[in-house]
Amino acid sequence: MKYESVLQAADRLGVSIHTVRRWARERRIPGAERCGRSWRIPADFDPAKQRGAQPEREASPCAGAQPGRVAMPLMNSVYPVGKCREFIDSIADADDRAIAWGEYYYYSGQAERAARAMEPYQDSADPMLRGAANLVGFFANFARGDTALAMRACKRLLADLHGDDRTQSAPLQRAIGALVVTTASVLLHLPVASDVDLHACMACLPDGLKLWACYLLAHKAYLEKNYNGSLAIAELALAICPERYPVPSIYAHLVAAMDLMSLKRVVEARQHVAQAWTLAQPDDLIEPFGEHHGLLQGMVERFFQEEDPEAFDRIIAITYAFSAGWRKIHNPIAHHEVADNLTTTEFTIAMLYNRGWTAKEIATYMNLSPRTITNTIQVIYQKLGISGKRELEKFMLA
């Protein structure tokens, strides 16, 4: 049998040295051997194949929640990239496993399956199951075009946050509530429908959800046009927790790319998209790229048309479905008409032009001629019924 050091095993599995040592002490690594003060780890050890060797999840001292359970089990888990489905199958608790599959269906662009998987848990007595089911159900339903079911899930989230005095004595539960409501609010570009401050209570969250909270705070700073501040949050979060949690890491890389595009640092933006795709592609976690298409300002076209044209076609299909549902909810609430009659290419050009890019700069970036960009801008004006750049901003995302 071939062995490796604890450090080598930790690097290979994407977990901490402390975690590998604990697994070995608890006899959760078959064949592990003591070596002085450390351990020798079998080089073929794979936690996804060991039911007892799952990454640790923090306890949930919440009223009604099963001990050891926390919302969003897939987002909050460490697993080897490329082994996501095997990891989900290894989750011992049937309810956690079902929620994790619902998450996976959503992140892999299967909104219909995600909505069906979450439906049985949207009224669960367990607040962790209920919160995850309603959050994923919210996004899955509007991505599949069912606004009524999406809004029903959103109302449940708000009711959970404000409707029970027990949350006052359950800091983790209140933090989870703040997290899920802030997620819906930030990704819809709407004010938070709550007085709960995610920043103030995120210390209660387990590490994977802390990374997700950092993504949300970075995205919020981006919407406020604080691109340098947003970038600092995203890159610091990734440095402290370097891609140990694949799902929130994908989102953190994408918000960093959004910031860098807004700062016209195109090469660095591409590097973050490439890192996100390295984490996402082996497990087909393609949905985040469609969600962020417009905010990535052409980087989807620039990167995927060169690197993975087949994935590009899927991302564009996800973008159209997600954007259509997004506008149905965002526009009436915000009283702000985001453009809904532009192609993805037209929207990208409009976003860049609105950000102060010249037609020549856009042409160079998108590998098109300046005349094509100029003509497309005129088409955009016609479609939106406007006469110039000054009116363009109200139809664009932040």
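In what follows, the structure referred to is the one given above.
Read on for a plain summary of the structure. (Residues numbered from 1 in each chain as written. Predicted model: local features only at pLDDT ≥ 70, side-chain atom pairs only at ≥ 80, totals over all residues. Heavy atoms only, no water.)

### A look at the packing of aromatic side chains
For step 1, the next point in the chain: With the rule as written, the count across this model stands at 20 aromatic pairs.
For step 2, the next point in the chain: Between Tyr79 and Phe87 the ring centres are 5.9 Å apart and the planes differ by 20 degrees, which places this aromatic pair in the stacked class.
For step 3, the next point in the chain: Ring geometry for Tyr106 and Phe139: centres 6.4 Å apart, planes at 50 degrees, overall tilted. Taken together, the positions of Tyr106 in helix α4 (residues 94-107) and Phe139 in helix α6 (residues 127-143) put the pair 33 residues apart, joining distant regions of the chain. We note that Tyr106, like Phe139, is buried.
For step 4, the next point in the chain: Every member of this aromatic cluster is reached through a ring pair, and the members are Tyr106, Tyr107, Phe138, Phe139, Phe142 and Phe322. (Phe/Tyr/Trp six-rings, centres within 6.5 Å; stacked < 30°, edge-to-face > 60°. Helix = DSSP H or I, 4+ residues; strand = E, 2+ residues; numbered from the N terminus. Buried < 20%, exposed > 50% of the residue type's maximum accessible area, 1.4 Å probe, protein only.)

### Overview of the packing of helix α17 (residues 344-354) against helix α18 (residues 359-366)
For step 1, the next point in the chain: At a minimum axis distance of 10 Å, the contact between α17 and α18 shows a crossing angle of 135 degrees. With respect to α18, the axis of α17 lies oblique. Seen from above, α17 lies across α18 with right-handed handedness. Residue-level inspection shows Thr345, Thr348, Ile349, Leu352 and Tyr353 of α17 in contact with α18, the latter providing Ile362, Tyr365 and Met366.
For step 2, the next point in the chain: When the residues that make up the contact of α17 with α18 are grouped by side-chain class, the tally is six nonpolar, two polar and no charged. (Axes fitted to C-alpha atoms, helices over the stretch in contact; angles between N-to-C directions. Parallel < 35°, antiparallel > 145°, perpendicular 65-115°, else oblique. Left-handed = near helix turned anticlockwise from the far one by under 90°. Contact = heavy atoms within 4.5 Å. Nonpolar A, V, L, I, M, F, W, Y, C, P; charged D, E, K, R; others polar.)

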